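# Understanding the architecture of this molecule
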Amino acid sequence: MAWQRVASISEIDADGVLGVDVDGSPVALYRLGNEVFATAGICTHALAILSDGFVEDGKIECPLHQGQFDIRSGKALCPPVTEDLRTYAVKLDGNDVCIDMERPAANAAPGPNAGDGIRAAAQENNADGRKSTGPNVQSQEWLTQRYVWPEEGLTRIPDWVYTDHTIYEREVEKIFHGRTWNYVALECEVPKAGDFIRSNVGPTPVVVVRADDGSINVFENRCSHRAAEFCRELSGNVKEFVCPYHQWSYDLQGNLAGVPFRRGVNGKGGMPADFDSSRHGLHQLNVKSHRGVVFASYARDMESFEDYLGPEVLKEFEATFDGRKPRLLGYYRHTLPGNWKLYHENLKDPYHATLLHTFLVTFGLLVAGNRSLMLADAIGRHGVMASAKSERKSVSSDAKKEMRAYREGMSLAEPRFMDFVEEFDSPWSVTMATIWPNLIIQREMNTLGMRQIVPTGPHEFIMKWTMFGFEGDDEEMTRHRLRQGNLMGPAGFLGLEDNEAIKFVQDGMQHVPGGQHLVKLDPAVAAGTSESLISEASIRAMYRHWRVEMGL
């Protein structure tokens, strides 16, 4: 036996968990009454850190997917976890907690100890094919050793940022399920009590519903009984939600309202006598609505939405949502074969827009030389790409030579595409606001849309477009917005080109192991706001923030 002191018992909260590193391996220590137990510190399902989880009734709940393990035996108790945790023998020497990494706990679950499987899993996890030579777990030390940022700093981005599955799982935990406000809906999508829509926070399905008191609630689309996605329709109106599997029912606040056969039949079966319905409702998120736009967060102590955006980005947000009530016009929905962050980059990259998009440059919507701005908030997470429409005759001959997409003499069969009705308190005819982490607010002339990013893995994401106008729009303005909607969308004059470019980038990164790429445009602005369209300063600012959030 090789006993090692790993902590003091006073360091472990009663009925709590403490994460420690033992010879490079993460270990979770639990204090239940006067006893201490030890398991591997990483969930066997998706490599989440268990010391960030929740201890209750002798169980540890994974913070990422809410799987549970028995602390004493390491046994996996509920989906999605299926593989038991490795356990370690523990002894107390006064105030010292000592463990033997070579010996399992006396009451460990039978069969192979699960920690052995983690090493193989994480080694196969590297999308670029490299094998980890250090501990294959998400301890902070292991992460920083495995994922090394290039010495050049923010001007070079390593490809593992976009291709590695462990990085993606950490993004779900630290960003989408972390301290962020995630867009989930427009209020006009749920106007009446009982109205609901399905939405997402990152990859996690949620339901957005209007309650009888007029409030809007957001909760996970996951039954608290056996984890079924209980809401199957994209939208509708209900008095309650009923899980189709075992008919557990929930009210419009997400509280558990009914359990069939709760008391069993003829005195047999049923739930335990001490079963408390109030503790088994749906996982509810923190909700904020601002000018008809609904956001949700897993963090209970989130900063205000106004502080989250910052004054400059908030000003642009409120220039679009100016007090008029949004009115739903319709949806697009499609899948893109790339990493979700590439879409943020695409809209923090006005450089490509002046080169790739024939329509934009030929008809003066976004042209090098236009009055323009690439705004970044103080932290770097949000941005606004803005431009004032020019006439083609004002494009300089030098600019035309640089822009291969420019087509002299091209004309529109439907000239109303380019009509611009001035309706916003803004100097810009085009703004694309990127609200971290999952929203792009499109204001392209008079066509308005919310683009919601739903990541499904490191190499793919779903884009949900919600097109809207305002109550008070007459029929002609509504038709004008719908007509201009053809500028964007999955089959629009611009969207197809962006979608192809994102695929080309992802392909390039997947097929060249260990690659890095260059983000050096506009060196006078290290990271942040630029008044030039020929700039990547906003992308650098985004990755400065991303690295802080990810601990990399």
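Description of the structure in this document. (Residues numbered from 1 in each chain as written. Predicted model: local features only at pLDDT ≥ 70, side-chain atom pairs only at ≥ 80, totals over all residues. Heavy atoms only, no water.)

## Quick word on the overall build of the protein chain
A tally of regular secondary structure across the protein chain gives 13 helices and 29 strands. Here the protein chain holds 552 residues, and 55% of them are scored as buried. Counted over contacts in the protein chain with a minimum sequence separation of 6, partners at least 24 positions apart contribute 60%. Total accessible area on the protein chain is roughly 23,900 Å²; 49% of this is exposed by carbon and sulfur atoms. (Helix = DSSP H or I, 4+ residues; strand = E, 2+ residues; numbered from the N terminus. Buried < 20%, exposed > 50% of the residue type's maximum accessible area, 1.4 Å probe, protein only. Contact = heavy atoms within 4.5 Å. Areas by Shrake-Rupley, 256 points an atom, 1.4 Å probe, with all protein chains shown as cover.)

## Some details on the sheet that holds strand β5 (residues 54-56)
Pairing is antiparallel across the open sheet formed by 4 strands, whose spatial order is β5-β6-β7-β8. The two strands at the open ends of the sheet, each matched to only one other strand, are β5 and β8 (76-78). Taken pair by pair, the neighbouring strands of this sheet meet at an average axis angle of 30°, ignoring direction. Inspection of the sheet shows strand β6 (residues 59-61) paired to strand β7 (residues 68-70) by 3 bridges, in the antiparallel sense. Residue pairing across strands places Glu61 opposite Gln68, the latter belonging to β7. (Pairing = 2+ DSSP bridges. Axes fitted to C-alpha atoms, helices over the stretch in contact; angles between N-to-C directions.)

## A few points about the environment of Ala541
Here Ala541 shows up in helix α13 (residues 537-550). Once the C-alpha coordinates of Ala541 and Ala526 are considered, the two residues, 15 residues apart in sequence, prove to be 8.1 Å apart.

## Observations concerning the layout of surface pockets
Empty space within the largest pocket amounts to approximately 1,600 Å³. Lining the largest pocket are 40 residues, with Phe54, Glu56, Glu61, Gln66 and Gln68 positioned closest to its centre. Of all the elements in the fold, those that place two or more residues in the lining of the largest pocket are β5, β6, β8 and α4 (165-176). Of the residues that constitute the lining of the largest pocket, the class distribution is 14 nonpolar, 12 polar and 14 charged. (1 Å grid on protein atoms, 1.4 Å probe; cavity = no way out; pocket = protein on both sides within 12 Å on 5 of 7 lines; lining within 4 Å. Points joined across faces, edges and corners; volume = space filled by probe spheres on them. Nonpolar A, V, L, I, M, F, W, Y, C, P; charged D, E, K, R; others polar.)

## Overview of the nonpolar core
Counting 67 residues, the largest nonpolar core has Phe295, Tyr343, Met450, Tyr543 and Trp546 as its most contacted members. The biggest single contributor to this core is strand β28 (residues 460-470), with 6 residues. Excluding its chain neighbours within four sequence positions, the residues that come into contact with Phe295 are Trp181, Asn182, Tyr183, Val184, Asn286, Val287, Lys288, Phe305, Phe317, Ile435 and Leu439. Of all hydrophobic cores here, the second largest spans 35 residues; its members include Cys62, Val81, Tyr168 and Val172. (Core = buried A, V, L, I, M, F, W, Y, C linked by side-chain atoms within 4.5 Å.)

## Some details on empty space enclosed by the protein
On inspection of all chains with the given rule, the structure shows 2 cavities of 30 Å³ or more. Reported here for the second largest cavity is a volume of approximately 40 Å³. As for the second largest cavity, its lining consists of Glu316, Phe317, Thr320, Val384, Thr431, Ala433, Ile441 and Arg443. When residues of the lining of the second largest cavity are traced back to their parent elements, those giving at least two are α6 (311-320), β25 (430-435) and β26 (439-444). Considering each element in turn, the lining of the second largest cavity owes the most residues, 3 residues, to α6. Along the lines of polarity and charge, the residues of the lining of the second largest cavity split into 4 nonpolar, 2 polar and 2 charged.

## With respect to the pattern of salt bridges
Under the definition given, this model contains 19 salt bridges. Between Asp96 and Arg5 there is a salt bridge; the shortest N-O distance is 2.8 Å. Taken together, the residues Asp96 in strand β10 (residues 96-100) and Arg5 in strand β1 (residues 3-8) connect sequence positions 91 residues apart. The exposure class assigned to Asp96 is partly exposed, which follows from its relative accessible area of 25%. Using a relative accessible area of 46% as the deciding quantity, one classes Arg5 as partly exposed. A salt bridge links Arg198 to Glu229, with the shortest nitrogen-to-oxygen separation between them at 3.1 Å. Here the residue Arg198 occupies a position in strand β13 (residues 195-201), and Glu229 occupies one in the loop between β15 (216-220) and β16 (235-237), the gap between them amounting to 31 residues. When its relative accessible area of 22% is taken as the criterion, Arg198 is described as partly exposed. Here the salt bridges do not stand alone but share partners, grouping Asp322, Arg324, Glu423, Asp473 and Arg481 into one network. (Salt bridge = Lys/Arg side-chain N within 4 Å of Asp/Glu carboxyl O.)

## Some points on the sheet that holds β13
The antiparallel open sheet is built from 4 strands, whose spatial order is β15-β14-β13-β16. Edge positions in the sheet fall to β15 and β16, since each has one partner strand and no second. The average undirected angle you get between the axes of adjacent strands in this sheet is 30°. Summarising the sheet, β13 and β16 pair through 3 bridges and their orientation is antiparallel. Within the sheet, the bridge partner assigned to Phe196 lies in β16 and is Gly236.

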